Amino acid sequence: MVFDAHRHLGVLPAHPFYGGPPVHPDTTARATIKQLVADLDAEGTERALVIPNYGVPDPDIAFGFNELVIEAAQTDDRIRAGLWVSARPEDTERTARALSLAGEEGVRALKLSFLLGGRPTDPACRPLLDEIFATAARHRLVVHIHTSPGAASDIDEVGHLVDRYADQVRVHLVHFGGGMSGHIKLAGARFFDWITAGKHVYTDLSWAIGFLPYWLAQEIEHRGIGHDRVLFASDQPWGDFAGELARMTAATGGGDLAGLVFRDTFAALYD
């Protein structure tokens, strides 16, 4: 059995990314619950945390998928919902509406990304960050945070949120830093230092560079901690389910760590 801790639902409009022509890079994006369920059936995925698709710089699009992911969670008991929220002051009303749905059946997480604006250390974002994490604590939800090297999503920025909030709220660092610098900072010490300090920090290795899953598995074994902090995630449609499954299977070796990564840690957080 495979439990997928991070995938998306919703089809985005074509967009001229990076100054090019309008394109649809997320070719396996799904518009309907029926299509999502068909994918879960084909993969053999027994549980999935489903989050609104995002990436186009129009906040109404990602926020607009919140009701869809809730409906998905209430339609099929394999699915749990993560709600899109934002710390940008410009999104105050949208985020308030999203947080009002936090108690709905099937909701297990709040998804936070700074790819579309805002910054963890920006004082203007602090009021909404406080409200997002307070809502997560109140409803016992996990806060998913996108990480990638540089700018506002760098682990040096996102790490401030772990330091500030992860004593009370479970924080899922999506992509384990998302690239070389983030991987080395986290696996080299910081991820384990947070665990030792009592922080409720979790991660997945979608988008990870090839060396990282093997190195992290070795560090977990060597240090004797972190076994229960890593989850399998496909990041469909931006990731590749088959590829992620193959490399995580190889890195975890099919033993106790594999059981935690592919099933048990998801069950502890989201079931």
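Refer to the structure above for everything that follows.
A quick note: this is a predicted structure, and the numbers were derived from the prediction, not measured.

### Digging into the packing of helix α9 (residues 241-252) against helix α10 (residues 256-270)
Then, number 1: At their nearest, the axes of α9 and α10 sit 8 Å apart, and the two run at 150° to each other. Along the contact surface, α9 presents L245, M248, T249 and T252, while α10 presents L257, A258, V261 and F262.
Then, number 2: Of the residues in the contact of α9 with α10, the class split is six nonpolar, two polar and no charged.

### Quick word on the packing of aromatic side chains
Then, number 1: Overall, the coordinates contain 10 aromatic pairs when judged by the stated rule.
Then, number 2: Both rings, one in F3 and one in F266, keep their centres 5.5 Å apart while their planes meet at 70°; by these two values the pair is edge-to-face. One end of the pair, F3, is in strand β1 (residues 2-9); the other, F266, is in helix α10, with 263 residues separating them in the sequence.
Then, number 3: An angle of 75° between the planes, with centres 5.7 Å apart, marks the rings of F191 and F192 as edge-to-face.

### Thoughts on helix α5 (residues 126-139)
Then, number 1: For α5, with 14 residues, the first-to-last C-alpha span of 20 Å sits near the 20 Å given by 1.5 Å per residue.
Then, number 2: Taken as a whole, α5 has its buried residues at L128, L129, I132, F133, T135 and A136. The arc that holds the buried residues of α5, viewed along the axis, is 155°, so those residues lie on one side. Opposite its buried face, α5 presents the exposed residues P127 and R138, each directed more than 90 degrees away.
Then, number 3: In the segment just after α5, R140 is the residue with positive phi, at about 60°.

### Details of the sheet that holds strand β6 (residues 171-174)
Then, number 1: Sheet architecture is open: eight strands sit in the order β1-β2-β3-β4-β5-β6-β7-β8, paired in parallel fashion. With one partner strand each, in any of the chains shown, β1 and β8 (230-231) form the two edges of the open sheet.
Then, number 2: Sheet contacts for helix α6 (residues 155-165): β4 (107-112), β5 (142-146) and β6; angle to β6, the most-contacted strand, approximately 170°.

### Some points on the pattern of salt bridges
Then, number 1: The tally for this structure, following the rule as stated, stands at 20 salt bridges.
Then, number 2: Where R78 meets D76, a salt bridge forms, and the shortest distance between an N and an O atom there is 3.0 Å.
Then, number 3: Judged by its relative accessible area of 13%, D76 falls in the buried class.
Then, number 4: Between K199 and D167 there is a salt bridge, with the nearest N and O atoms lying 3.1 Å from each other. Within this pair, whereas K199 is found in the loop between α7 (180-196) and β7 (201-204), its partner D167 is found in the loop between α6 and β6, the two being separated by 32 residues in sequence.
Then, number 5: Among the residues examined, K199 registers a relative accessible area of 10% and is labelled buried.
Then, number 6: Several salt bridges share partner residues, and in doing so they unite D60, R88, D91 and R94 into one network.

Conventions we followed
Residues numbered from 1 in each chain as written. Predicted model: local features only at pLDDT ≥ 70, side-chain atom pairs only at ≥ 80, totals over all residues. Heavy atoms only, no water. Axes fitted to C-alpha atoms, helices over the stretch in contact; angles between N-to-C directions. Helix = DSSP H or I, 4+ residues; strand = E, 2+ residues; numbered from the N terminus. Contact = heavy atoms within 4.5 Å. Nonpolar A, V, L, I, M, F, W, Y, C, P; charged D, E, K, R; others polar. Phe/Tyr/Trp six-rings, centres within 6.5 Å; stacked < 30°, edge-to-face > 60°. Expected span 1.5 Å × (residues − 1). Buried < 20%, exposed > 50% of the residue type's maximum accessible area, 1.4 Å probe, protein only. Arc of directions from axis to C-beta. Pairing = 2+ DSSP bridges. Salt bridge = Lys/Arg side-chain N within 4 Å of Asp/Glu carboxyl O.

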